[in-house]
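# A look at the structure
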Amino acid sequence: MLDVNVLMRAVQDSADSVVITQVGDDGQRPIVFINHAFERMTGYAEAEVLGRDCRFLNQGLERQPELDALREALSAGRHCRVVVENQRKNGQRFWNELSISPVHNPDGLLTHFLGIQNDVTKQVQQQRELETRAVTTGFQLDELASKVYHDHLTELVNRRGFDEALARLWASDSPGDRPFALLRIDVDFFESFNDAHGQTDGDHCLQDVARAIQNAVSDERATVARYVNDEFAVLIPGYNADQVRAVGEKIRSAVELLNIERADVPSRRVTVSVGGTVVEAQDVPAVTVDQVQRFVDAALFVARGGRDIFLGTGNSVDIRPIATRRNAAGKPSGSTLLAGGTPGN
């Protein structure tokens, strides 16, 4: 059983911005918790935001279609993932990828919303610049597609390309595409590595990790992507849970064998946390792409907690089932969550 104090430390120290809001009777959703990453991203201290509705981040930017989708999800008490333009305390605008999830009490009553945020300003600006150049200079379509769908630093597919590959696989009716595996890999404590070694070494680290992941997967059907910042994603059609465990361990080992030195963690080297989910044939269309993304989000979140709990193991990751959806008869069915931890835990 995961210790609550460990979980709180993992959330507080997460590189992703985390905000929790309470559902009020008057329709307001006051903030009751933020982590350090939220403070860094927005410029607001905890004392300045507790009790306020998150809408203050959109002041002057209310006419965004994505905000309409967000409001509908909040009103309906369901999950939603959007990219919206927000404003920092100093007035600077930035693009925020926001994923919200409802939280219910044991009686099933909606009480809170959990929000995970990432600053994706750089990615949005690059995408817009490429699209503008395509219009003004008449780039060839295949050259433009290569730039729009690939990450220039790691030469992997970028998030946009990965999401489209996932959509195509989701729509496929080929038996060979089921089950399929979706994994996410996070470089442990990368922000502190970047701060200690500088951006150049940080970029080299991401390039090395990207090559290690790609070599570890080695399946020509797979899509390997730099998903966002120091997070990577892998999509493999035709993979079952046993194959995912094997490739997850292979990825973990490949990164560890890079032996990229760092002095700020007990392992003394760069390591990764891995989370994933397997989608069986019967899951479609019983679950949605959004729900699968939530499954793998949750799995990676648990894996990230493992890096803090098992400091003495070098953050060894054992991909293992942690939850299954159950049908009315109580038998396991649906998507199986996989998450990182140490063997035997």
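Note that the structure is predicted; figures quoted are calculated from it, not measured. The residue count restarts for each chain, going from 1 along the sequence in the order it is written. Thresholds applied to this predicted model are a pLDDT of at least 70 for local features of residues and 80 or more for the giving and counting of side-chain atom pairs; totals over whole chains, interfaces and linings are not thresholded and use all residues. By convention in this description, side-chain values take in all heavy atoms of the structure and omit both hydrogens and water.

Another point: the confidence of the model for the protein chain. In this model, the protein chain carries an average pLDDT of 79, and 78% of its residues clear a pLDDT of 70 or more. Residue-level confidence of the predictor, termed pLDDT, takes values from 0 up to 100. Should any heavy atoms of two residues lie within 4.5 Å, those residues are counted as being in contact. Considering only residues more than four positions removed or in separate chains, one finds that residues 307–345, a stretch of pLDDT under 50, has 109 contacts.

Another point: the side chain of Arg262. Residue position: Arg262 is located in the loop between α10 (241–257) and β9 (272–279). Any pair of N or O atoms that falls within 3.5 Å is considered a polar contact. Within protein, one atom must be able to donate a hydrogen and the other to accept it, and sequence-neighbouring residues count only if both atoms are side-chain atoms. Separated by 3.0 Å, the side chains of Arg262 and Ser192 make a polar contact. Apart from the residues within four sequence positions on either side, Arg262 is in contact with Asp188, Phe189, Ser192, Phe193, His197, Arg268, Arg269 and Val270. Per the convention used, a helix needs a DSSP run of H or I reaching at least four residues, while a strand needs a run of E reaching at least two, with both numbered from the N terminus.

Every axis in this analysis is a line fitted to C-alpha atoms, fitted for helices over the stretch in contact. Angles between the N-to-C directions lie between 0 and 180 degrees. For the pair helix α9 (residues 199–217) and α10, the least separation of the axes is 9 Å and the interaxial angle reads 145 degrees. The way α9 lies across α10 gives a crossing that is right-handed. Residues Val209, Ala212, Ile213, Ala216 and Val217 of α9 lie in contact with α10, whose contacting residues are Val247, Lys250, Ile251, Ala254 and Val255. We call Asp, Glu, Lys and Arg charged. Ala, Val, Leu, Ile, Met, Phe, Trp, Tyr, Cys and Pro are nonpolar, and the rest, Gly among them, are polar. The residue inventory of the contact of α9 with α10, partitioned by class, reads nine nonpolar, no polar and one charged. What makes a crossing left-handed is the near helix being turned counterclockwise from the far one by less than a right angle; a clockwise turn instead makes it right-handed.

So, on to the packing of aromatic side chains. In summary, the pairing rule links any two rings of Phe, Tyr or Trp, Trp by its six-membered ring, whose centres are within 6.5 Å, and it sorts them by plane angle into stacked for under 30 degrees, edge-to-face for over 60 and tilted for everything else. Within the structure shown, the criterion is met by four aromatic pairs. An angle of 80 degrees between the planes, with centres 5.0 Å apart, marks the rings of Tyr44 and Phe56 as edge-to-face. Separated by twelve residues along the polypeptide, Tyr44 in the loop between α2 (36–42) and α3 (46–49) and Phe56 in the loop between α3 and α4 (65–76) bring together distant segments of the chain. Each member of the pair, Tyr44 as well as Phe56, is classed as buried. Ring centres of Phe190 and Phe193 lie 6.1 Å apart, and the angle between their planes is 25 degrees; on these two criteria the pair is classed as stacked. The buried label goes to any residue with under 20% of its type's maximum accessible area, the exposed label to any with over 50%, and the partly exposed label to all in between, with areas taken from a 1.4 Å probe on protein chains only.

Another aspect to go through is the environment of Val11. Position of Val11 relative to the elements: it lies in helix α1 (residues 4–12). For Val11, a relative accessible area of 10% translates into the label buried. With 23 residues separating them along the chain, Val11 and Ile34 place their C-alpha atoms 9.3 Å apart.

Moving on to the sheet that holds strand β3 (residues 80–87). In spatial order, the strands read β2-β1-β5-β4-β3; together these five strands make up an open sheet with antiparallel pairing. Looking at the sheet topology across the chains shown, the edges are occupied by β2 (31–34) and β3. Each strand axis lies, on average, 30 degrees off the axis of its neighbour in the sheet, ignoring direction. Where strand β1 (residues 17–22) lies against strand β5 (residues 110–119), six bridges are found, and the strand directions are antiparallel. Across the sheet, Ser17 pairs through a bridge with Gln117, a residue of β5. Set on the sheet, α4 makes contact with β3, β4 (93–104) and β5; between it and β3 the angle comes to about 125 degrees. Criterion used throughout: strands pair if DSSP finds at least two bridges between them.

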